[in-house]
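Structure assessment
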Amino acid sequence: MIRTELDAAGIRAAELRESYQRCRELNVRHGRTFFLATRLLAPAQRPAVHALYGFARWADDIVDEPPIDDAADPAAARLDVLAQDLHESLSGSPGGDPILAALADTAARYRIDHCLFDDFLDAMRRDLTVTDYPDRVALDRYMHGSAVVIGLQVLPVLGTVGPQADAAPYASALGKAFQLTNFLRDIAEDLDRGRVYLPADELAAFGVDRARLQWCRTQRRTDTKVRSALAAQHAAARDLYRYADAGIAMLHPVSRPCVETAAVLYSEILDRIEETEFAVFAARATVGNARRTRVAGSALARALWARRGSRARALTQVDGLT
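Analysis parameters
- Residues numbered from 1 in each chain as written.
- Predicted model: local features only at pLDDT ≥ 70, side-chain atom pairs only at ≥ 80, totals over all residues.
- Heavy atoms only, no water.
- Salt bridge = Lys/Arg side-chain N within 4 Å of Asp/Glu carboxyl O.
- Helix = DSSP H or I, 4+ residues; strand = E, 2+ residues; numbered from the N terminus.
- Buried < 20%, exposed > 50% of the residue type's maximum accessible area, 1.4 Å probe, protein only.
- Phe/Tyr/Trp six-rings, centres within 6.5 Å; stacked < 30°, edge-to-face > 60°.

Once that is clear, we can look at the pattern of salt bridges. Enumeration over the complete set of coordinates arrives at 24 salt bridges. In this structure, R291 engages E268 in a salt bridge whose closest nitrogen and oxygen atoms are separated by 2.5 Å. Taken together, the residues span a long stretch of sequence, with R291 in helix α15 (residues 289-321) and E268 in helix α14 (residues 256-275) at a distance of 23 residues. You can call R291 partly exposed: its relative accessible area is 30%. Accessibility expressed as a relative area gives 10% for E268, which makes it buried. Among the ionic contacts, a cluster of salt bridges with common partners joins E5, R24, R39 and R46.

Here is the structure:
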């Protein structure tokens, strides 16, 4: 299947094909919902999405996964090395890392703004020193680099039916909705890493602070005040999904089933959280494989139909020129 994708994308060089293969392997291993949605894209689009995912995963792992060797370079130093190697790769200098090779090729093919990668790395650096966010403004600033830019990177690969700038706010909102969903689902895990990704002032409005969240984590239960505070964050995430939904029609028809599937499955994580009455300290909310398969199966039919229609339109345009 990967050969079909690489052939469709016009990626011929053997070394570059191996680079994209490496990125795809990372997506298969770590991005369950993301990879499932990516399968709904046209084969020619998939390698680029794998490359973008591979880079993001690499940087995120530097921050979240400590090195096995205690004497290894600290995360900040490794991020600095990654940033330097990234800039060299994007400027066309040869490098030895396959992920950066695929990323640079994707950025050139789709004319992705290099600042989006810098903003992402800046957010990763913030994770090394910032453990709390006092208000929504501060959290939004972080999410711009950690989530919004991902939506903006992928947008040129997805394609739009009108000016890309018109669809950008919706892509940004969907990236933010995904991340807010993650913050709610992973609150216990983030606490274990010493971080809280929810606005402190909004939590305080319900009488909740870090100490109370930590108590819930220790006791593996959600008390009344924390439940109310999380419900408010849950509602904010829902609002973002509703807003972002209007932007799906702005995407190229071939890409819509992919984004619809990702939005549905991620928003259903919110359903699972709500169904358990916000018991996020006791178990991680997930969408079952059976449900994921049903949603993806329905979307696949739409995706195949859209691809057929796209090919038909292309043939009609060619006929009109001959």
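Tracing the backbone shows S228 in helix α13 (residues 224-245). For S228, a relative accessible area of 33% puts it in the partly exposed group. Separated by 23 residues in the primary sequence, S228 and A205 place their C-alpha atoms 9.9 Å from one another.

For the rest of this paragraph, the subject is the packing of aromatic side chains. Both the distance between ring centres and the angle between the ring planes are used here to describe each pair of aromatic rings. Taken as a whole and judged by the stated rule, the model has nine aromatic pairs. Seen in terms of ring centroids, F55 and F117 are 5.9 Å apart; in terms of plane orientation they differ by 90°. Their pairing is edge-to-face. Taken together, the residues F55 in helix α4 (residues 46-64) and F117 in helix α7 (residues 115-129) connect sequence positions 62 residues apart. By relative accessible area, which is 0% here, F117 ends up buried. Their ring planes at 50° and their centres at 6.0 Å tell us that F55 and F120 sit as a pair that is tilted. Here F55, found in helix α4, pairs with F120, found in helix α7; they are 65 residues apart in sequence, far enough to count as distant. The structure contains a cluster of three or more aromatic residues connected by ring pairs, namely Y133, Y142, F183 and Y197.

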